[in-house]
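A look at the structure
This is what each chain is made of:
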Amino acid sequence: MKKILASLTFLFVCAFAFAQEADDLVGVWEPGHGKARVKIDNIDGKYYGRIVWLKEPNDPETGKPKLDANNPDQSMRNVPLRGYRMLKDFEYKGKGVWEEGTIYDPESGNTYSSVITMKDENTLDIRGYVGVKTFGRSDTWRRLQVK
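Summary of the structure given here. No experiment lies behind these values; they were computed from the predicted model shown.

1. Points about the environment of W141
Tracing the sequence through the fold places W141 in strand β8 (residues 136-143). Measuring from C-alpha to C-alpha, the distance between W141 and R37 comes to 9.5 Å, with 104 residues separating the pair along the chain. If we ignore the near neighbours within four places in the chain, the residues touching W141 are W29, E30, P31, G32, V38, M86, L87, I103, N122, T123, L124 and I126.

Shown next as structure tokens:
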């Protein structure tokens, strides 16, 4: 009985540590181009990121909030970029890696398969690709210290 209890306790501690490690991704991040800030949250065990800040939040021609004008789905072209969920469905795989998700590029209107690798507590390598990880590009995101 003691061995079973010890084993269950060990499994619980490991599961808790895994969940805590997975949530290291949660926070506000700035992509390499510095034009936006993305808040990543854990929603029901998957990770999602939405745009919470834009360097240029308004369209210079209209003065109104920038819209997702390049979205291939015409019904989405009137959706403001601020608040848009651009990272979707990431699952923690262990050792600082989140996979099975997608990243949307509002500048091109394309959605890519993606993998996120945490280089250190304040640095992410985000790779977007089509088909094979080799055929893609990476960007370095920096965590913003929110107080």
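2. Here's the deal with the pattern of salt bridges
For the structure on display, the rule yields eight salt bridges. The shortest N-O distance in the salt bridge between E56 and K66 comes to 3.4 Å. Of this pair, E56 sits in the loop between β3 (46-54) and β4 (85-94) while K66 sits in the loop between β3 and β4, and the two are ten residues apart along the sequence. Taking the relative accessible area as the measure of exposure, K66 reaches 25% and is therefore partly exposed. Each of K46, E91 and K93 takes part in one network of salt bridges that share partners.

3. Observations regarding the environment of Y84
Looking at the secondary structure, you find Y84 in the loop between β3 and β4. On the accessibility criterion, Y84 (10% relative accessible area) is buried. If we ignore the near neighbours within four places in the chain, the residues touching Y84 are G49, R50, I51, D68, N71, M76, V79 and Y104.

4. Examining the layout of surface pockets
One simple way to see leftover space: roll a probe sized like a water molecule over the atoms. By volume, the largest pocket is sized at about 870 Å³. Residue lining of the largest pocket: 35 residues in total, with H33, K35, D105, P106 and E107 positioned closest to the centre. Elements represented by at least two residues in the lining of the largest pocket include exactly β3, β5 (97-105), β7 (123-129) and β8. Among the elements that make up the lining of the largest pocket, the one with the highest residue count is β8 (five residues).

5. Here's the deal with the environment of G34
By secondary structure assignment, the location of G34 is in the loop between β1 (27-30) and β2 (36-43). Put simply, G34 and R142 are 108 residues apart on the chain and 9.6 Å apart in space, counted from C-alpha to C-alpha. Discounting residues that sit within four places of it in the chain, G34 has contacts with W53 and K55.

Quick notes on the rules
Counting restarts for each chain: residues are numbered from 1 in the order of the written sequence. With pLDDT at 70 or above as the cut-off, local features in this predicted model cover only qualifying residues; side-chain atom pairs require 80 or more to be listed or tallied, and sums for whole chains, interfaces and linings still use all residues. Calculated side-chain values reflect all of the structure's heavy atoms, with hydrogen atoms and water omitted. Each helix is a run of H or I in the DSSP string that is no shorter than four residues. Each strand is a run of E no shorter than two, and both are numbered from the N terminus. Whether two residues are in contact is decided by their heavy atoms, any of which lying within 4.5 Å being enough. Criterion for a salt bridge: a side-chain nitrogen of Lys or Arg within 4 Å of a carboxyl oxygen of Asp or Glu. Summary of the burial criterion: residues with accessible area below 20% of their type's maximum are buried, those above 50% are exposed, and those between are partly exposed, where the area comes from a 1.4 Å probe applied to protein chains only. Method remark: on a 1 Å grid restricted to protein atoms, a set of points is classed as a cavity if a 1.4 Å probe fits but cannot get out and as a pocket if it is open with protein on both sides within 12 Å along at least five of seven lines; lining residues have an atom within 4 Å of a point. Grid points are joined across faces, edges and corners, and a volume is the space filled by probe spheres set on the points.

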